[in-house]
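Now for the letters of each chain:
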Amino acid sequence: MLKPYYKDTKSVGTTPARSYYIPFSRADKKSYDREDSSRFTSLCGAWKITPYESVLDVPDDFYNNDGADDIAVPSCVQYYGYDYFQYTNDRFPFPYDPPRVPERNPAYHYSRYFDCKVGGEKTYIVFEGVDSCFYIFVNGKAVGYSQISHRISEFDITDYVKDGKNKLDVLVLKWNMGSYLEDQDKWRFTGIFRDVYLLRRPQNHITDYKIETRIHGADGIVAFINKSDVQVAVTFGGETQSVPARAQSEFTVKNARLWSAETPFLYDMVIQSDDEVIYNRVGIRVTEVKDGLYLFNGKPIKFYGVNRHDFHPEKGYAVSREDMLTDIELMKSLNVNAVRTSHYPSSPLFYEMCDEYGLYVMSEADLESHGFVKSDGGYDWAMQAIPQDKNFEQSIVERSVCNVEEHKNFACVVMWSLGNESGWGANEKRALEAVVARDDRPVHYESIYPYVVGDEEYYNGSGLKTVSRMYSTPDWIVNEYLNDAKETRPFMLCEYAHAMGNGPGGLKEYWELFESTDRLMGGFIWEWADHGVKYGAGDGFKYGGDFGENLHDGNFCIDGIVSPDRQFKAGSLQMKYYYQPLKFERADNKLTVTNKNFFGAQTGELVITQNGKAQKRGVCIPPRESIVMDLTDGDATAQYYVGGAEVARAQFVSDKPRAKFVCEKIKTELHGHALIVTSGDNEYRLDVQSGEVESVRAGGAEYGRISLNILRAPIDNDMYIRQKWDARYLKFARPCARGYRVEKDSVIFDIIVAADSLVPVIDATLTYSFCKSGVRVAIDYKVNDVTKFEFLPRIGWTLKLDRSYDKLKYNAYGDGETYSDMYEYAIKGEYECSVKDEYKHYVKPQESGSHYLPDYAEVSDGKRAVRVEGMTSFSALPYSTAQLENAAHDYELPERDGTYLSADYYMSGLGTNACGPLPFDGYVTPNAGADAICFYFGEKR
Ligand code: GAL
Ligand code: MG
């Protein structure tokens, strides 16, 4: 009978948690690639698998069978057709009845054969990640059991293996008692999702060691702490020291080159014992909280961070080394300098690469119990449930212990995190104590609030030396944190700027505040990549609910700053802009360029463009220093390149005066509901029922209705406010004219915008004036006071044109999409493109493709053109608002039926309200306003 270990939270037979390293033989050539070690044998690749609906169905002698089907390791079983896909954010996908394990617990018998040469040495097997727990059998004998999905589990199998062919059987269960501690916002996958390998080692070998670094003046001190029972020889900086068992020794590096994300310099360390060599790269650095500040190598650096999950659209959790490297390279190219391994440790290979490429890592323990707040008892109750429940103490502590022990020797780890959204209680307190006892790096934990339990005032009494929040507004940070005289700890946002869909808006406000004081450490955008699944029919990305699961959280997993296949969106570039290492300031015709880095010089090429002429200059700006350049009068664009890739940019543009509108005489004639206005070359039919232009005849062509538009296809960040828009029937609101008059060659309408059964949402006056080739529509509007919602999506006009109108020319913030609170990354200039490319694709279709502050926009079919001026934003899209709103997936968008030209008096900003604040003040459609937009019809210019 299988022992019911899965009903508890203890591993059985695993070796004590130790730092990650791979031993080599002396005969091996020196390498940092573990595949080059003759002591390392990968067990990744082809395995067999037999699924069982329930662990209770697994026969006692299951390991005597060979698996039925093929499976690759690492992988997630759901991608092989087993079980089902399910995405939930915070809700447990099983009844909340701790510590009981869900009664339906699928099991997967994995098996394979492997060759072994025993030769008097020891053999270990290592699993770097299995969700959620597993039993291991070698040659039919039970070796042990492990859990904690993202820990490294190692077993000594020396007594189980023989020379030649051996059989390995692993029984993986979907759930175990620890599943209450692994309720991260993710797809709920199962399987051996990280690498498995054998290590062949001498009988007496190093077990563990710790490397600590300090800075002493210009020198670096590197301490090697031998945590093994064998003596080792450590070579560092040309010097070899012999370090006895359980002893410690120090190396001094004169004029040390320090490690930082900006200067990821690593020294080689070679650790030898018996016939074993470990190559361990060492970054010398100090990470600490001192005098109320977070200091890295003594400097109050900022985290330009992102939260990263393991996710690949076609592999789920089973990301490869190459996938991780792609992420790292893309992050670096977007000026990211810090990663939070949300909400569990990453693969050790990820840390290795962060050391090498330079990223600060907040290494988070595999812990989240979020679902307890949705389980029925309410927040306060929940916060005291698992965090105080003795049943979970051992596991909550062990999760932090594994995190620290495995990753302690990586220079990139600047901070430990106890986990995410698990509340605070005696269990977390023990975990904090365990971390502090092992390592002196600062500790992060967010899920702790100013509340009192019994005699303990947890918030200030926690012992945490940093303060962390998620999604707080800049105002909150000022009022509740900076203005709190009692608060002396440095502050960070472990999550902010929820990057779901079109957005994030509002980065400017966060970064102006973060840069204003050393007490703010910066933040980590939620999150790095969309979790869109590619599996099954169709070739688009899927999200929660697409696999028929009952309980799911829809597209809340599509909230990355890059797409599932790692394509950039406007928000990625906006992040890159606010994360850029250079600051550009213009005063008259002097441009000051400052290197914000603390450690690395900026060596590259600055390109200044003025009046169409580009001027290039090689620069080398030392850390925290500036150079000053001369500009001439007029607009200027500065771009900074390193190795041909743009790193930073800024633009200084002044507003252009609007083109003069010269009014023409008009003739009017009423035909039924149409007031026909003749002016210059054109004829306009004004609909006296609605106050809109019903059609235009100009230059031999006929154009359709120019409709008043107060909607946008809701963006994900509209998910809450749209409930107010829907309740107010905004979708059904239409312009209704109360009356009109012709006055001095203008036609003036008093209109309301109203839905059946409700009082008008808007009262407005529309004034139409006409010039030789166009019409100007001035609006003066006010949102009705009794409509209590915060703001309108937008207010403007939309004209549907034939799809042959595909050529677009404009001068605005482009060529990416831009909005009032997300445009600084873009360059204002003249662009020509195709309307079909103007819709920027999101996994779930939504408003997109707008351009902020245009001087003009012109769409044409190559001959005839419609030009708009005077708007604060516009878009020319191949889809209508309704088409975008009605499609749940990108691949469901209909066949293009036209060109939709929208010119907005105002378009609301984006904000980050999917999980965070609405657009900040000043970025939303005002509830009263007056402005004018001109439409011109004629030949293409
Ligand atoms: C946070 C949580 C993240 C994620 C985010 C919403 O509360 O820590 O894991 O769920 O909300 O996308
Ligand atoms: Mg959560």
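Residues numbered from 1 in each chain as written. Chains lettered and ligands numbered in written order. Predicted model: local features only at pLDDT ≥ 70, side-chain atom pairs only at ≥ 80, totals over all residues. Heavy atoms only, no water.

## So, the overall build of the protein
We apply this condition: Working definition: helices are DSSP H or I runs of at least four residues, strands are E runs of at least two. Numbering for both runs from the N terminus. Throughout, radius of gyration means the C-alpha value; the globule benchmark is 2.2 Å times the number of residues raised to the power 0.38. Accessible area is worked out with a 1.4 Å probe on protein chains only. A residue is then buried under 20% of its type maximum, exposed over 50%, and partly exposed in between. It only takes one pair of heavy atoms within 4.5 Å for two residues to be counted as in contact. The protein chains shown are the only cover counted for residues, whose accessible areas, like all others here, come from Shrake-Rupley with a 1.4 Å probe. Only four residue types enter the tally: Lys and Arg on the positive side, Asp and Glu on the negative side, with His and both chain ends excluded. The atom standing in for a charge is NZ when the residue is Lys, CZ when it is Arg, CG when it is Asp and CD when it is Glu.
From N to C terminus, the protein includes 11 helices and 60 strands. Against the compact-globule benchmark of 30 Å for 941 residues, the protein has a radius of gyration of 31 Å, which places it among compact chains. Overall, the C-alpha framework of the protein stretches about 105 × 65 × 60 Å when taken along its three principal axes. Considering the protein as a whole, with its 941 residues, one finds that 62% of them fall into the buried category. Residue pairs in contact within the protein that sit at least 24 positions apart in sequence constitute 71% of those at least 6 positions apart. Surface exposure of the protein reaches about 35100 Å², of which carbon and sulfur atoms provide 48%. With 107 positive and 139 negative side-chain charges, the protein shows a spacing of 3 Å between the two charge centroids.

## Describing the sheet that holds strand β15 (residues 196–201)
Sheets are built from strands that pair by backbone hydrogen bonding, the pairs being arranged parallel or antiparallel. Operational definition: Here, any two strands with at least 2 DSSP bridges between them count as paired. Angular values range over 0 to 180 degrees, each being the angle between N-to-C directions of two axes fitted as lines to C-alpha atoms, with helices fitted over their stretch in contact.
Pairing within the open sheet is antiparallel, and its four strands lie in the order β2-β15-β7-β11. The open sheet has two edge strands with one neighbour each: β2 (40–42) and β11 (153–156). Across the sheet, the mean angle separating the axes of adjacent strands is 20° when strand polarity is ignored. One ladder, built from four bridges, connects strand β7 (residues 122–127) with β11; its direction is antiparallel. Considered in β11, the bridge of Val126 is made with Glu154.

## Examining the environment of Glu352
For Glu352, the location among the structural elements is in helix α2 (residues 348–357). Discounting chain neighbours no more than four positions away, the residues touching Glu352 are Tyr20, Tyr32 and Phe410.

## Topic: the side chain of Ser769
The cut-off we apply is this: Here a polar contact means two N or O atoms within 3.5 Å. Within protein one must be a hydrogen donor candidate and the other an acceptor candidate, and residues neighboring in sequence count only if both atoms are side-chain atoms.
Looking at the secondary structure, you find Ser769 in strand β50 (residues 762–770). Overall, Ser769 belongs to the buried group, its relative accessible area being 4%. Polar contacts involving the side chain of Ser769 include one to the side chain of Ser746, which spans 3.4 Å. Leave out the neighbours within four places in its chain, and Ser769 touches Phe661, Cys663, Asp745, Ser746, Gly774, Val775 and Arg776.

## Section: the sheet that holds strand β37 (residues 602–610)
Strand order across the open sheet formed by four strands is β38-β37-β40-β41, with antiparallel pairing between neighbours. A strand with exactly one partner marks an edge of an open sheet, and here the two such strands are β38 (613–621) and β41 (645–652). Across the sheet, the axes of successive neighbouring strands diverge by a mean angle of 20°, strand direction being ignored. The pairing of β37 with β38 spans nine bridges and is classified as antiparallel. Looking at the pairing, Thr609 lines up with Ala614 of β38.

## Concerning the domain arrangement of the protein
Basically, it comes down to this: Bear in mind that the domain bounds are from an automatic or database domain assignment. Accessible area that two parts lose when put together, evaluated with a 1.4 Å probe and summed over both, is termed the buried area. Each reported salt bridge corresponds to a side-chain nitrogen of Lys or Arg within 4 Å of a carboxyl oxygen of Asp or Glu.
Assigned domains within the protein: domain 1 (5–201), domain 2 (209–274), domain 3 (342–490 + 499–514 + 527–570), domain 4 (580–652) and domain 5 (667–939). Placing the centre of domain 1 and that of domain 3 at their C-alpha centroids yields a distance of 26 Å. Together domain 1 and domain 3 conceal approximately 4100 Å² of surface at their shared face, both sides included; 59% is due to carbon and sulfur atoms. Of all residues in domain 1, Tyr87, Leu181 and Trp187 give up the largest surface area on contact with domain 3, accounting jointly for 18% of the area buried on that side. Between the two partners, domain 1 and domain 3, sit four salt bridges. Summed over the shared surface of domain 1 and domain 3, the result is 27 residue pairs in polar contact (both at pLDDT 80 or more).

## Things to note about a nonpolar patch on the surface
Basically, it comes down to this: Residues enter a patch when their relative accessible area is above 30% and they make no salt bridge; the linking distance is 9 Å between like charges and 5 Å between nonpolar side chains (Val, Leu, Ile, Met, Phe, Trp, Tyr).
A cluster of nonpolar residues, Leu670, Tyr740 and Val742, forms a patch on the protein surface that exposes about 250 Å² of accessible area. Note that Leu670 resides in strand β42 (residues 667–671).

## Re the site of ligand 1
Inclusion rule: One heavy atom within 4 Å of a molecule or strand makes the whole residue count as near it. Ten residue types, Ala, Val, Leu, Ile, Met, Phe, Trp, Tyr, Cys and Pro, are classed as nonpolar, four, Asp, Glu, Lys and Arg, as charged, and the remainder, Gly among them, as polar.
What surrounds ligand 1 is a group of 13 residues, the closest being Asp185, His343, Glu421, Glu495 and His498. In this structure, an oxygen atom belonging to ligand 1 sits 3.3 Å away from a side-chain N or O atom of Asn89. Here an oxygen atom of ligand 1 and a side-chain polar atom of His343 are 2.6 Å apart. Relative to its free-state accessible area of 310 Å², ligand 1 is covered by the protein chains to the extent of 96%. Split into classes, the residues belonging to the shell around ligand 1 amount to five nonpolar, four polar and four charged.

## A closer look at the packing of aromatic side chains
Selection criterion: Within 6.5 Å between ring centres, the rings of Phe, Tyr and Trp (the latter by its six-membered ring) count as paired, and their orientation is classed by plane angle as stacked under 30 degrees, edge-to-face over 60, tilted in between. For a lysine, the NZ atom is tested; for an arginine, the CZ atom; a charge sits over a ring if that atom is within 6 Å of the ring centre and within 35 degrees of the ring normal.
Using the criterion set out here, one finds 76 aromatic pairs in the structure. For the pair Tyr5 and Tyr145, a centre-to-centre distance of 5.4 Å together with 45° between the ring planes defines the contact as tilted. Of this pair, Tyr5 sits in the segment before β1 (23–24) while Tyr145 sits in strand β10 (residues 141–147), and the two are 140 residues apart along the sequence. The exposure class assigned to Tyr145 is buried, which follows from its relative accessible area of 0%. Cluster of aromatic residues (ring-pair linked, three or more members): Tyr79, Phe85, Tyr87, Trp187, Phe189, Phe193, Tyr317, Tyr535 and Phe547. Note that Lys165 overlies the ring of Tyr113, its terminal NZ or CZ placed 4.4 Å from the centroid. Lying over the aromatic face of Tyr856, Arg867 brings its terminal NZ or CZ to 4.1 Å of the ring centre.

## Quick notes on helix α4 (residues 393–407)
Rule in force here: Helix span, as expected, comes to 1.5 Å for every residue beyond the first.
Between its first and last C-alpha atoms α4 spans 22 Å; for 15 residues at 1.5 Å apiece the expected length is 21 Å, and the two agree. Counted residue by residue, α4 has 14 buried out of 15 residues, so it is predominantly covered.

## Some points on the nonpolar core
As a rule of thumb, soluble globular proteins bury nonpolar side chains together. Defined as follows: We define the nonpolar core as a collection of buried residues of types Ala, Val, Leu, Ile, Met, Phe, Trp, Tyr and Cys that are connected through side-chain atoms lying within 4.5 Å of one another.
In this structure, Phe303, Tyr360, Tyr496, Ile525, Trp528 and Met575 are the most contacted members of the largest nonpolar core, which totals 123 residues. Core analysis: the second largest hydrophobic core is formed by 61 residues, Val696, Leu708, Val777 and Tyr831 among them.

## Observations regarding the packing of helix α1 (residues 321–333) against α2
The test is simple: Whether a crossing is left-handed or right-handed is set by the direction in which the near helix is turned from the far one by less than a right angle, anticlockwise for left-handed and clockwise for right-handed.
Interhelical geometry of α1 versus α2 gives an angle of 35° and a closest axis separation of 10 Å. Remark: the crossing between α1 and α2 carries right-handed chirality. Along the contact surface, α1 presents Arg321, Met324, Leu325, Ile328, Glu329 and Lys332, while α2 presents Leu349, Phe350, Met353, Cys354 and Tyr357. Looking at side-chain class alone, the contact of α1 with α2 contains eight nonpolar, no polar and three charged residues.

## Regarding the pattern of salt bridges
All told, the structure shown has 76 salt bridges when counted by the stated rule. Measuring nitrogen to oxygen at the nearest pair gives 2.9 Å for the salt bridge that ties Glu154 to Arg18. Of this pair, Glu154 sits in strand β11 while Arg18 sits in the segment before β1, and the two are 136 residues apart along the sequence. We note that Glu154, like Arg18, is buried. Across the salt bridge formed by Asp726 and Arg722, the nearest N and O atoms sit 3.8 Å from each other. Taken together, the residues Asp726 and Arg722, both in helix α10 (residues 721–727) and four residues apart, mark about one turn of the helix.

## Quick word on the coordination of the magnesium ion (ligand 2)
Worth spelling out the cut-off: Coordination partners: N, O, S within 2.8 Å of the metal, 3.2 Å for Na, K and Ca; water not considered, so apparent gaps in a site are possible.
Here the magnesium ion (ligand 2) is held by the protein donor atoms Glu368 (OE), His370 (ND1) and Glu421 (OE), which lie 2.0 to 2.1 Å from it. Ordering the donors of the magnesium ion (ligand 2) by residue number gives the pattern E-x1-H-x50-E. One end of the pair, Glu368, is in the loop between β27 (360–364) and α3 (379–383); the other, Glu421, is in the loop between β28 (413–417) and α5 (426–438), and 53 residues separate them in sequence. The same class applies to Glu368 and to Glu421, which are both buried.

## Section: the side chain of Glu406
Tracing the backbone shows Glu406 in helix α4. Arg151 provides the closest opposite charge to the buried, salt-bridge-free Glu406, at an N-O distance of 4.5 Å. Here Ile152 takes part through its backbone nitrogen, which lies 3.0 Å from a polar atom of the side chain of Glu406.

## Re the state of the cysteines
Defined as follows: For the purposes of this analysis, a disulfide is any pair of cysteine sulfur atoms at a distance within 2.5 Å.
This structure, assessed with the given rule, holds zero disulfides. With no disulfide of its own, Cys494 lies closest to Cys915 among cysteine sulfurs, the gap being 11 Å. Cys494 sits in the buried class, given a relative accessible area of 0%.

## Describing α5
Taking 1.5 Å per residue, 13 residues should reach 18 Å; α5 reaches 19 Å between its end C-alpha atoms and fits that length. Among the residues of α5, those classed as buried are Asn427, Glu428, Lys429, Ala431, Leu432, Ala434 and Val435.

## Points about the environment of Lys782
Residue position: Lys782 is located in strand β51 (residues 774–783). Separated by 30 residues in sequence, Lys782 and Ile752 place their C-alpha atoms 9.8 Å apart. When sequence neighbours within four positions are dropped, the list of residues in contact with Lys782 reads Val761, Ile762, Asp763, Asn927 and Ala928.

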